[in-house]
Amino acid sequence: MTARTAALDSAGLCSAICRELDEPMPGTAVVAAGWVVVEQPGPWGRKAPTQSHLDPDFGAKIDADCKKVDLRFGLIRSPGKHADAVPRAHQVYVASTAPGRTWLLGGCVDEPAALASLDLDAVSRGDLDAVRASLPELSPVTQPVLLICTNGKRDECCALFGRPLVTAMAAVAPGRVWESSHLSGHRFSPTAALLPAGTLHGRLTVESATAVLAAADRGETVIDTLRGRSTWTKRGQVADIAVRDLSGEVALEALSVIAEDLETVTVRHTDGRTWIVDVAAEPADPPRPESCGKEPYDMSILRAGTVRSGAHR
């Protein structure tokens with residue numbers, strides 16, 4: 001073990017190690033065509049869908065059903081004290097993240113089990129009308145919402161850094177910020193997901209989280225904190241961010257990942273320009289833990305190489 005590795009191990013928190021190593025964030029977002037989240041207060045365990053006050057059988061089923069059609073399921077709760085009971089109906093958000101089919105629905109249901117009627121295939125396809133027909137309690141939400149991970153049972157960093165951020169952001173943007181169960185990438189805490197864009201962000205501060213929401217209101221994204229858009233594969237996320245870095249493009253819907261092979265990813269702009277991005281995995285040096293309390297291991301990191309202009313389409 002090198003002196004540097006020993007020093008990193010002694011830091012303890014995975015997010016502290018990640019910051020010390022300046023680990024790149026592009027390509028670390030979850031991959032999902034859409035999102036389904038439901039309000040469930042009270043404590044959350046490591047696996048919130050089955051370790052919370054949500055019925056565990058229902059939680060396991062909807063989580064599995066969402067995964068089958070490339071959707072992300074999660075729990076949310078209002079910032080602040082976590083009362084065991086909801087004094088009203090449960091808030092639900094359903095999002096489609098695909099360019100051209102990016103939308104957000106919201107509404108309240110008496111019980112989370114009402115989500116059993118939700119047409120998950122339609123959510124995955126981005127079929128807004130079919131989704132609304134399957135769960136009439138939902139209606140269009142015009143302002144994006146920010147989900148900040150505070151699931152401390154999953155990783156200590158999410159509690160230590162996520163909870164202060166969500167408390168501060170609740171005052172900045174009342175009603176638009178929620179505590180969230182696991183969003184992945186706790187070593188980049190505080191982490192958040194923006195709906196309906198499906199962009200995930202890391203190493204957030206109150207200032208940068210406020211900027212993410214403000215940019216979303218303009219149909220834009222913030223590149224500096226961007227881990228990736230869940231619509232794309234992890235290699236696609238890396239390529240999308242590399243093109244944004246190069247071109248300065250911040251309009252969310254301006255870029256699409258249109259092709260991938262073993263070595264390159266092709267990104268297209270709505271104006272017809274294309275870029276071919278070399279994307280490769282390389283060993284992380286030194287080894288580092290994925291989560292707090294885990295042993296360091298030889299993980300791989302995706303990086304963008306050369307970005308070349310392609311044919312104008």
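About the thresholds
Residues numbered from 1 in each chain as written. Predicted model: local features only at pLDDT ≥ 70, side-chain atom pairs only at ≥ 80, totals over all residues. Heavy atoms only, no water. Helix = DSSP H or I, 4+ residues; strand = E, 2+ residues; numbered from the N terminus. Buried < 20%, exposed > 50% of the residue type's maximum accessible area, 1.4 Å probe, protein only. Contact = heavy atoms within 4.5 Å. Core = buried A, V, L, I, M, F, W, Y, C linked by side-chain atoms within 4.5 Å. Phe/Tyr/Trp six-rings, centres within 6.5 Å; stacked < 30°, edge-to-face > 60°. Pairing = 2+ DSSP bridges. Axes fitted to C-alpha atoms, helices over the stretch in contact; angles between N-to-C directions. Salt bridge = Lys/Arg side-chain N within 4 Å of Asp/Glu carboxyl O. pLDDT = per-residue confidence, 0-100. Parallel < 35°, antiparallel > 145°, perpendicular 65-115°, else oblique. Left-handed = near helix turned anticlockwise from the far one by under 90°. Nonpolar A, V, L, I, M, F, W, Y, C, P; charged D, E, K, R; others polar.

Glancing now at the overall build of the protein chain. Along its length, the protein chain carries eight helices and 14 strands. Counting all 313 residues of the protein chain, 53% fall into the buried class. Across the protein chain, contacts joining residues at least 24 apart in sequence account for 67% of those joining residues at least 6 apart.

On to the nonpolar core. The tendency in soluble globular proteins is for nonpolar side chains to be buried as a group. Ranked by size, the top nonpolar core spans 25 residues in total, and within it Val36, Phe73, Val94, Leu115, Leu118, Val131 and Leu138 carry the most contacts. For this core, the elements supplying multiple residues, two or more each, are strand E1 (34-39), helix H3 (56-68), strand E2 (71-77), strand E3 (90-98), strand E4 (101-109) and helix H4 (120-125). Setting aside anything within four residues of it in sequence, one finds Leu138 in contact with Val92, Val94, Leu105, Gly106, Gly107, Leu118, Val131 and Arg132.

A few words on the packing of aromatic side chains. For the structure on display, the rule yields one aromatic pair. Where Tyr93 meets Trp178, the ring centres are 6.0 Å apart and the plane angle is 75°; that geometry is what we call edge-to-face. Of this pair, Tyr93 sits in strand E3 while Trp178 sits in strand E7 (residues 177-180); the two residues are 85 residues apart in sequence, bridging distant segments of the chain. For Tyr93, a relative accessible area of 6% gives the class buried.

If you trace the 10 strands from one edge of the open sheet to the other, you get E5-E4-E3-E1-E2-E7-E6-E8-E9-E10, paired in mixed fashion. The two strands at the open ends of the sheet, each matched to only one other strand, are strand E5 (139-140) and strand E10 (226-229). Where H3 meets the sheet, its contacts fall on E1 and E2, and the angle it forms with E2 comes to roughly 140°.

To continue, consider the pattern of salt bridges. All chains considered together, the criterion is met by 13 salt bridges. The salt bridge partner of Arg125 is Asp127, with a shortest N-O separation of 3.4 Å. Note that Glu260 and Arg235 form a salt bridge whose closest N and O atoms lie 3.2 Å from each other. Of this pair, Glu260 sits in strand E11 (residues 255-260) while Arg235 sits in helix H8 (residues 234-247); the two residues are 25 residues apart in sequence, bridging distant segments of the chain.

With that settled, consider the sheet that holds E11. With antiparallel pairing, the four strands of this open sheet are ordered in space as E11-E12-E13-E14. What marks the edges here is a single partner per strand, and that holds for E11 and strand E14 (300-309). Direction aside, neighbouring strands of the sheet carry axes that sit 30° apart on average. Judged from the eight bridges that link them, strand E13 (residues 274-283) and E14 form a sheet pairing that is antiparallel.

Summarising the model, the protein chain shows a mean pLDDT of 88, and 89% of its residues fall at 70 or more. Low confidence marks residues 1-10, where pLDDT is under 50. Its contacts with residues over four positions away, or in another chain, come to 11 contacts.

The interhelical angle for the contact between helix H6 (residues 156-172) and helix H7 (residues 206-217), taken along N-to-C directions, is 50°, at an axis separation of 10 Å. When the interaxial angle is binned, H6 and H7 end up oblique. As for the relative orientation of H6 and H7, their crossing is right-handed in sense. Touching Leu165, Ala168, Met169 and Val172 of H6 are Val206, Ala209, Thr210 and Leu213, all from H7. When the residues that make up the contact of H6 with H7 are grouped by side-chain class, the tally is seven nonpolar, one polar and no charged.

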